[in-house]
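# Secondary and tertiary structure notes
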Amino acid sequence: MNTFTLLIGVALMYATPMVLAALGGVISERAGVTNIGIEGMMTIGAFTGAAVGYFTNNPWLGVLAAGLAGGLTAILHALASITFKADQTVSGVAINLIGPALALFFCRLCFDGSAVTEPVNAKLPKLFGDNATGILANLNVDFMVIIAILATVIMWIVLYKTKWGLRIRAVGENPAAADTLGINVEFVRYVCVIISGILAGMGGAAVTLSIVSQFSQTSIAGQGYMALAAVIFGSWLPHGAFLACILFGLAQALVVVLGGGAVSVPSEILAMLPYVMTIIILIFFAGKSRAPKANGQPYIKGKR
Amino acid sequence: MNKFTSLLRKPITGTIIAILMGFLCAAVILACAGYNPIHALSAMLQGIFGRPKYMANIIVKATPIILTGCSVAFAYKMGLFNIGAEGQYIFGALAACLTGITVNLSPWLEIPLILLAGMAAGALYGALAGWLKAKFNIHEVISGIMLNWIAMYFSNFITGMEAFHKPNTSGTFPINVSGFTTFFPNWKATEEAAQFMKDNPFLGDILRTDFNAGIIIAIALVLLSSYILYKTSKGYQLRAVGSNRYAAEFAGIDVKKNIIETMMFAGLLAGASGALAIMGNNPHAVLEIAAFEGNGLNGLSVAFIANGSPIGCIFSGLLFGGLLYGGQSLQYVVGAPTEIVNIMVGTIVFFVALKDIIPVIADKMEHRAATKKLVDQKEGASS
């Protein structure tokens, strides 16, 4: 029972940054803009969160600032892919180059040339306080986990139960039809890409303000891309992406829990597990899920 | 006016503007951070062109990314995004290294054998991503990322094995000297060579670096890819699938087979890149890594700056290599963080993505000029 609850706790902790980033991926791609740049936006968020958290001693301010920084980065992607109708993959790759480089650049400027920030004193609060014992200690996740779950529910409601959600999905499926109905395609896409950046930035902060307590070059090491995999695996559904991330988190937790135990598997082989598992899962599911029809295509008025 | 707009329409113009914008953005960021941008950029140029040694080192740095760039560009011609070049590079380097450790022949056999081993490993790994895409419809970006991590951990696992691990280091044993592509590897260690290098400062400066024959092999492979793409029916099929998959399918082209073959060749190029790095660069061994070295991922930038042209990758690879290397002296001389180089490259790629806007601007300018001319003529006629 103890190991099991520990597994769940660790899985939730690792899944949370990916959940937030994956939700960002869902909303952006639902509106028809591929967002490979999530990794870069997460890195910016991770640094901003850690830096603001350190200087203000308030982790919540860190999370807010991280969201803001992610959103600002996303404006770049939106500008390129919506206004200038650029190749969205290339723009995303550029964001993934600029994001980590900017984060490290500012990190060196703010922390005397060091590539890591000082550890944040005030991490995000835990669900059951600091003195929990037993099972509660194992499940003592931070509030970011709750925020991620809430965000998933809210996004599901927005996408499927509101007028706004209908518009977003219409823009992602058939922008020309949406346009004739008087929906401002470019505006909807801008909003969705910026929200996607805000979520990715907060996801980054979830790493540096709750899992580890500082930003370093390896804080964000592929979580953004894992989140993209979760978007596809979850069929571009908020709850699908959430479950996919939980599964990835579980795989990672398995590595942590097994790695600490007496199992004689080399650590490198264990570390491969989440990635091998993702591919195997995708083999069974990828063929079935369907991307939004206009995903990745710039909308040009009057073009057939 | 017409001359100017037709100049704007040339594909190379967009790339050049993008590169200038990269430098401009870097200068602005440096200035905001309190460094003198002119001083910084001149330090960087000094670090690129200052000595023959620098240029030799830049070619050494550029060799692997020219090939991974070519790998990405080749796959992109078919609309495939080979982000897995990093993993293919790692597998190529690993296979090359293991071959070089266990086999010891004369250099004329050893070097081709090691190269073949690297290419085969990379090709298999690339084909795996292609197969996952063709058979199970798994997006190559996703499988590529996962395969990159798997390759990294697998490489670390092999590197840590007792049979290959060199004690007290973080890597494997070096490969046999017969597999080195550096010039005169045995002679360089002698007294006579030391004297020669002292007497000939220019050659000595170059010989002291890892300057190696790899660049020749790299350029040959780039030319081969360009030939396949533009002069063979295979390349035609591949480009047809890239521009319209459904039309190509309708014309009887086997899309799935083409996906696997394209990824296989892209993997071969990335694998060759890994093999060349092992044969050409110190310590001629695979090291344990905690994060990606970026030789494959940098290939993405190289390919996009080259506008997807394999031959263009030679130049953009040299540019990228120069920036990476010159960025180091930026840190020595001015004290600015080297990350500014990645910001610069990222900005260049970003503006390369935007460059389709330039022909549109050219159209608008021509249109405006034409309207103005008409108005002038009318006014001239009425007065």
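Residues numbered from 1 in each chain as written. Chains lettered and ligands numbered in written order. Predicted model: local features only at pLDDT ≥ 70, side-chain atom pairs only at ≥ 80, totals over all residues.

### Concerning the overall build of chain A
Basically, it comes down to this: A helix here means a DSSP run of H or I that spans at least four residues, while a strand means a run of E at least two residues long, and both kinds are numbered starting from the N terminus. The atom set for the radius of gyration is the C-alpha atoms, and the globule formula is 2.2 Å times the number of residues raised to the power 0.38. Exposure is read from a count of other C-beta atoms within 10 Å of each residue's own; the residue is exposed at 12 or fewer, buried at 20 or more and partly exposed in between. C-beta atoms are placed from the backbone. By definition, residues are in contact whenever their C-beta atoms, placed on the basis of the backbone, come within 7 Å of each other.
For chain A, the count of helices and strands is twelve helices and zero strands. In chain A, the succession of helices and strands from N to C terminus is α-α-α-α-α-α-α-α-α-α-α-α. A compact globule built from 304 residues should have a C-alpha radius of gyration of about 19 Å, and chain A, at 19 Å, falls within 12% of that. Seen along its three principal axes, the alpha-carbon backbone of chain A occupies a region of about 65 × 45 × 35 Å. Going through the 304 residues of chain A one by one, you find that 55% of them count as buried. For chain A, contacts bridging at least 24 residues in sequence account for 77% of all contacts bridging at least 6.

### Regarding the overall build of chain B
The number of helices and strands found in chain B is 17 helices and zero strands. Across its three principal axes, chain B shows a C-alpha extent of roughly 90 × 60 × 35 Å. Put simply, chain B has 383 residues, and 51% of those count as buried.

### Some words on the interface of chain B and chain A
Convention followed: Polar here means any residue outside two lists: the nonpolar Ala, Val, Leu, Ile, Met, Phe, Trp, Tyr, Cys and Pro, and the charged Asp, Glu, Lys and Arg; Gly therefore counts as polar.
Taken together, the contact pairs 38 residues of chain B with 39 residues of chain A. Taken together, the elements giving at least two residues each to the side of chain B that touches chain A come down to helix 6 (107–136), helix 7 (140–159), helix 14 (295–305) and helix 16 (339–354) of chain B. Grouping the amino acids of the side of chain B that touches chain A by side-chain chemistry returns 28 nonpolar, eight polar and two charged.

### Quick look at unusual backbone geometry
The residue after N282 of chain B, namely P283 of chain B, is reached through a cis peptide bond having omega 0 degrees. Within the element layout of this structure, P283 of chain B appears in the loop between helix 13 (255–280) and helix 14. The phi torsion at N57 of chain A lies on the positive side, around 60 degrees, for a residue other than glycine. Secondary-structure assignment places N57 of chain A in the loop between helix 2 (38–56) and helix 3 (59–83). Residue N57 of chain A is classed as exposed on the basis of its 12 C-beta neighbours within 10 Å. Even without glycine at this site, D112 of chain A takes up a positive phi of about 55 degrees. Along the polypeptide, D112 of chain A turns up in the loop between helix 4 (88–110) and helix 5 (134–138). With 7 C-beta atoms packed within 10 Å, D112 of chain A lands in the exposed category.

### Focus: the environment of Y190 of chain A
Residues and elements named next belong to chain A. Summarising the element assignment, Y190 is placed in helix 9 (residues 185–211). Here Y190 falls in the partly exposed class, since 19 other C-beta atoms lie within 10 Å of it. Each residue touching Y190, except ones within four places of it in the same chain, is listed here: A78 and I82.

### So, the nonpolar core
Short version of the rule: Buried Ala, Val, Leu, Ile, Met, Phe, Trp, Tyr and Cys residues whose C-beta atoms connect them within 7 Å together make up a nonpolar core.
In this structure, A22, A230 and C245 of chain A together with A275 and V349 of chain B are the most contacted members of the largest nonpolar core, which totals 223 residues. In this structure, A230 of chain A is in contact with M18, A22, A241, A244, C245 and F248 of chain A, ignoring residues within four places of it in sequence.

### With respect to the environment of G134 of chain A
Residue and element names in this part refer to chain A. Note on placement: G134 falls in helix 5. Residue G134 is classed as exposed on the basis of its C-beta count, with 10 C-beta atoms lying within 10 Å. C-alpha separation for the pair G134 and N2, spaced 132 residues apart in sequence, amounts to 7.8 Å.

### Digging into the packing of helix 2 (residues 11–32) of chain B against helix 16 of chain B
Two numbers describe a pair of packed helices, the interaxial angle and the distance between the axes. Residues and elements named next belong to chain B. Our working rule: Working convention: axes come from line fits to C-alpha atoms, limited for helices to the stretch in contact. Angles between N-to-C directions cover 0 to 180 degrees. For this classification, under 35 degrees means roughly parallel, over 145 means roughly antiparallel, 65 to 115 means roughly perpendicular, and everything else is oblique. Working rule for handedness: look at the near helix, and if it is turned counterclockwise from the far one by less than a right angle, call the crossing left-handed; if clockwise, right-handed.
Following both chains from N to C, one finds helix 2 and helix 16 inclined at 140 degrees, their axes separated by 8 Å at the closest point. By the criterion of interaxial angle, the relationship of helix 2 to helix 16 is oblique. Here the hand of the crossing between helix 2 and helix 16 comes out right-handed. On the side of helix 2, the interface is formed by T15, I17, A18, I19, M21, G22, F23, C25, A26, I29 and L30, while helix 16 contributes I340, I343, M344, V345, T347, I348, F351 and V352.

### A closer look at helix 5 (residues 85–102) of chain B
Rules: Working rule for helices: expected span equals 1.5 Å times residues minus one.
Here helix 5 of chain B is 18 residues long and its end C-alpha atoms lie 26 Å apart, about the 26 Å a rise of 1.5 Å per residue gives. The element helix 5 of chain B is extensively covered by neighbouring structure, given that 17 of its 18 residues are classed as buried.

### Considering the packing of helix 4 (residues 52–76) of chain B against helix 10 (residues 214–231) of chain B
All names here are of chain B. Where helix 4 meets helix 10, the closest approach of the two axes is 9 Å, and the angle between their N-to-C directions is 15 degrees. Relative to helix 10, helix 4 is oriented roughly parallel. Crossing geometry of helix 4 relative to helix 10 is assigned as left-handed. Here helix 4 contributes I59, T63, I66, L67, C70 and F74 to the contact with helix 10, which in turn contributes G214, I215, A218, L221, V222, S225 and L229. Split into classes, the residues belonging to the contact of helix 4 with helix 10 amount to ten nonpolar, three polar and no charged.

### Here we look at the environment of G235 of chain B
Checked against the element boundaries, G235 of chain B lands in helix 11 (residues 233–243). Beyond its immediate chain neighbours, meaning those up to four positions away, G235 of chain B contacts I228, L229 and Y230 of chain B.

### Focus on the confidence of the model for chain B
Counted only if it meets this: pLDDT measures how confident the predictor is about each residue, on a scale from 0 to 100.
When pLDDT is averaged along chain B, the result is 89; 99% of the residues meet or exceed 70. Both confidence scores are given for the complex: pTM 0.89, ipTM 0.88.

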